[in-house]
Amino acid sequence: MSLSDVTRIEVRGERSYEVLIGTGLLAELAPLLSGAQRVAIIHPPTLRATAEGVRDDLNAAGFEAHVVEVPDGEDAKALAVAGFCFDVLGQVGFTRSDAIIGLGGGATTDLAGWVAASWLRGVRIVQVPTTLAGMVDAAVGGKTGINTERGKNLVGAFHPPIGVLCDLAALSTLPVNDYIAGLAEVVKCGFIADPRILEIIEEDPDLVTSPGNPRERELIERSVAVKARVVSQDLTEQGPREILNYGHTLGHAIEKAERYTWRHGAAVSIGLVYAAELSRALGRLDDETADRHRRILSALRLPVTYRSGAFEQLLDTMKVDKKARGNRLRFVLLDGLARPVTVDNPDPSLLVAAYSEVSQ
């Protein structure tokens, strides 16, 4: 692929950077890492061969590259794993001019980003997401974090990368269920900002569930553009950026209840339907747009219901969600299609009523 076939989406800010979307993008790594002597490639076991290939390429380009293998999935987002990464960086003599590469899905890029933000109070990081959810959400925007016993992403930092490389070739080997789970984040972008995303999915839902499908690149580019536009306005989530959490308040609580054995997108899918039902219960959202959530997500074979007796447990988790303020729950809801709004402390009876619409 030539450089002219690479889509470049700028994320503006104090430290602006580009998200590159295309294939064959690993050649872009060395220029981004200019000035570093040492590079650490943080990766899960499933990407060991890829990480070793990147290491060898960087060594040939004059860097001192090291691979740092961490657990797969949410198991990586733990303080003990971050501590292991810090130990490796210390052993190889990492300095503030050196750099980290986060190679993997959203959990890996979240961990790698926090390690980069914390080591010596901040070293450079290039994110190389290899999953759909990573490309359209986790790796873009500079939010990093790890989980605790009390909830997801409660420890973290805002630490923008110096570049994000979304190599579409990585998606060709992604398990179908992982790919479908990533579509929940794509659907979210459609409802909060770009309704054309929803139209593309509705034209042929089965088509877009297959890695490498003809609409894949456009859906990714549109979703990344949504996130880039929002993050450029509000890096540290003081206002507009909160809309990116649509569906995530309940979604994160479900992930914790399931001990992080669920795919992130599956939990967010239920969270999106819940947020739509709460918006409807509050009289903010019309029936057609609320029903459209369930229709689209079901067509993508994503879950739209959760167990009926779990609400009290989920509510306790939502109260310590990072979006909460004091003891006041805070939800991103919709006043209409592509009209997100933040609502504080909804009526508890409406929270229960909305949950009844997603319980099974």
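Scroll up to find the structure.
In short, a report on the structure. In this text, all values refer to a predicted model and were calculated from it rather than measured experimentally.

## Description of the pairing of strand S8 (residues 151–158)
- Where strand S7 (residues 143–148) meets S8, five bridges bridge the pair, whose relative direction is antiparallel. Paired with Thr144 across the strands is Ala157, a residue of S8.
- Counting the residues in the hairpin turn of S7 and S8 gives two residues.

## What about the layout of surface pockets?
- The computed volume of the second largest pocket comes to approximately 360 Å³.
- What lines the second largest pocket is Glu74, Asp75, Lys77, Ala78, Asn147, Thr148, Glu149, Lys256, Ala257, Arg259, Tyr260 and Gln313.
- Of all the elements in the fold, those that place two or more residues in the lining of the second largest pocket are S7 and helix H10 (248–257).
- Per-class residue counts for the lining of the second largest pocket are three nonpolar, three polar and six charged.

## Digging into helix H11 (residues 264–281)
- Over its 18 residues, H11 extends 25 Å from the first C-alpha to the last, a length consistent with the 26 Å expected when each residue adds 1.5 Å.
- Buried residues dominate H11, accounting for 16 of its 18 residues.

## Description of the side chain of Lys188
- Of note, Lys188 is situated in helix H6 (residues 176–192).
- A distance of 2.9 Å separates a polar atom in the side chain of Lys188 from the backbone oxygen of Leu244.

## Brief notes about empty space enclosed by the protein
- A full pass over the atoms with the stated rule returns three cavities of 30 Å³ or more.
- Size it by volume and the largest cavity reaches roughly 60 Å³.
- If you go around the largest cavity, you meet twelve residues; those closest to its centre are Gly151, Lys152, His252, Thr317 and Asp321.
- Mapped onto the lining of the largest cavity, the elements with two or more residues apiece are S8, H10 and helix H13 (311–318).
- Each residue belonging to the lining of the largest cavity can be placed in one class, and the counts come to four nonpolar, four polar and four charged.
- At the level of secondary structure, the elements contributing two or more residues to the lining of the second largest cavity comprise H10, H11 and strand S10 (330–334).
- When its residues are assigned to classes, the lining of the second largest cavity shows five nonpolar, five polar and no charged.

## Focus on the pairing of strand S9 (residues 163–167)
- The element S9 is largely enclosed, with a buried count of five among its five residues.
- Sheet analysis places strand S2 (residues 17–22) next to S9, joined by four bridges and oriented parallel. Across the sheet, residue Val19 finds its bridge partner in S9, namely Val164.
- Where strand S6 (residues 124–129) meets S9, two bridges bridge the pair, whose relative direction is parallel.

## Remarks on the pattern of salt bridges
- The full count for this structure, using the stated rule, is 31 salt bridges.
- One salt bridge connects Lys152 with Glu255, and the closest N-O pair in it is separated by 2.7 Å. Placement of the pair is Lys152 in strand S8 and Glu255 in helix H10, with a sequence separation of 103 residues. You'll find Lys152 and Glu255 in the same group, each marked buried.
- As a salt-bridge pair, Glu221 and Arg217 come within 2.8 Å of each other at their nearest N and O atoms. With Glu221 and Arg217 both in helix H9 (residues 216–233) and four residues apart, the pair spans about one turn of that helix.
- Relative accessible area serves as the criterion here: at 23%, Arg217 is assigned to the partly exposed category.

## Observations regarding unusual backbone geometry
- At Arg121, a position not held by glycine, the phi torsion is positive, near 65 degrees.
- Its location among the elements puts Arg121 in the loop between helix H4 (106–118) and S6.
- Phi at Arg301 takes a positive value of approximately 65 degrees, unusual for a residue other than glycine.

## Digging into the sheet that holds S6
- With mixed pairing, seven strands are arranged side by side in an open sheet as S1-S2-S9-S6-S5-S3-S4. One side of each edge strand has no neighbouring strand; the edge strands of this open sheet are strand S1 (7–11) and strand S4 (64–69). Sheet twist, expressed as the mean angle between neighbouring strand axes with direction ignored, is 20 degrees.
- Of the strand pairs in this sheet, strand S3 (residues 38–43) and S4 are connected by six bridges, and their pairing is parallel. Opposite Arg38, over in S4, you have Glu64 as the bridge partner.

## Some points on the environment of Glu28
- By secondary structure assignment, the location of Glu28 is in the loop between S2 and helix H1 (29–32).
- Placed 123 residues apart in sequence, Glu28 and Gly151 show a C-alpha to C-alpha distance of 36 Å.

## Re the nonpolar core
- Val19, Val187, Ile201, Ile220, Tyr246, Tyr274 and Leu314 are the most contacted members of the largest nonpolar core, which totals 75 residues.
- Contact partners of Ile220, with chain neighbours within four places excluded, come to Ile21, Leu132, Met135, Val136, Leu168 and Leu171.
- The next biggest cluster of nonpolar side chains, apart from the first, holds 22 residues, and it includes Ala40, Phe94, Trp114 and Ala116.

## Quick word on the state of the cysteines
- Counting across every chain of the model gives zero disulfides.
- Residue Cys166 stays outside any disulfide, its sulfur separated by 12 Å from that of Cys189, the closest cysteine.

Conventions we followed
- Residues numbered from 1 in each chain as written.
- Predicted model: local features only at pLDDT ≥ 70, side-chain atom pairs only at ≥ 80, totals over all residues.
- Heavy atoms only, no water.
- Pairing = 2+ DSSP bridges.
- Helix = DSSP H or I, 4+ residues; strand = E, 2+ residues; numbered from the N terminus.
- 1 Å grid on protein atoms, 1.4 Å probe; cavity = no way out; pocket = protein on both sides within 12 Å on 5 of 7 lines; lining within 4 Å.
- Points joined across faces, edges and corners; volume = space filled by probe spheres on them.
- Nonpolar A, V, L, I, M, F, W, Y, C, P; charged D, E, K, R; others polar.
- Expected span 1.5 Å × (residues − 1).
- Buried < 20%, exposed > 50% of the residue type's maximum accessible area, 1.4 Å probe, protein only.
- Polar contact = N/O pair within 3.5 Å; in protein donor to acceptor, adjacent residues only side chain to side chain.
- Salt bridge = Lys/Arg side-chain N within 4 Å of Asp/Glu carboxyl O.
- Axes fitted to C-alpha atoms, helices over the stretch in contact; angles between N-to-C directions.
- Core = buried A, V, L, I, M, F, W, Y, C linked by side-chain atoms within 4.5 Å.
- Contact = heavy atoms within 4.5 Å.
- Disulfide = S-S within 2.5 Å.

Spatial relationships are all this shows, so hold off on functional conclusions.
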